[in-house]
Amino acid sequence: MSEEEPRVSRNDSENRYEVYADGKLAGFAEFTPKDTETVFTHTEIGDEFGGRGLGKVLAKAALDDVVARGGVIVPVCPFIAGYLRKNEGYAEHVRWPGQH
């Protein structure tokens, strides 16, 4: 039996992006919408889904969605901030906390 590909969706009613693996909610990245900014505040992957790279899948899909919507990424969450530092292509879409 093969595992299905993880899928990420935006849940506006909960203000978060959710990653699903094996048909179950595996984790989420919470955000606060603020005009054109999407402020990422917290990211979490369930312990039973750890070590599968789902955090990276979630971060990439969430950040790509913000960019596609023409938004600005504000990485308050340490995981999202770390992902942005390690992955190129987002710099012009990021406002680091403390910058104006």
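Looking up the chain in an unreviewed UniProt entry gives the name GNAT family N-acetyltransferase, with the organism given as Amycolatopsis halotolerans.

Glancing now at the nonpolar core. Among the nonpolar cores identified, the biggest contains 21 residues, and Tyr17, Phe40, Leu63, Ile73, Ile80, Leu84 and Tyr90 are the most heavily contacted of them. Of all elements in the fold, only strand E2 (16–21), strand E3 (24–34), helix H1 (54–68) and helix H2 (78–86) reach the threshold of two or more residues within this core. The element contributing the most residues to this core is H1, with six residues. Setting aside residues up to four positions removed in sequence, Ile80 forms contacts with Phe40, Thr43, Ala59, Leu63 and Pro75.

Put simply, H1 and H2 touch, their axes get as near as 10 Å, and they point 80° apart. The orientation of H1 relative to H2 falls into the category roughly perpendicular. Contacts between H1 and H2 involve Gly55, Lys56, Ala59, Lys60 and Leu63 on the former and, on the latter, Phe79, Ile80, Tyr83 and Leu84. By residue class, the composition of the contact of H1 with H2 is six nonpolar, one polar and two charged.

Cut-off values and rules
Residues numbered from 1 in each chain as written. Predicted model: local features only at pLDDT ≥ 70, side-chain atom pairs only at ≥ 80, totals over all residues. Heavy atoms only, no water. Core = buried A, V, L, I, M, F, W, Y, C linked by side-chain atoms within 4.5 Å. Buried < 20%, exposed > 50% of the residue type's maximum accessible area, 1.4 Å probe, protein only. Helix = DSSP H or I, 4+ residues; strand = E, 2+ residues; numbered from the N terminus. Contact = heavy atoms within 4.5 Å. Axes fitted to C-alpha atoms, helices over the stretch in contact; angles between N-to-C directions. Parallel < 35°, antiparallel > 145°, perpendicular 65-115°, else oblique. Nonpolar A, V, L, I, M, F, W, Y, C, P; charged D, E, K, R; others polar.

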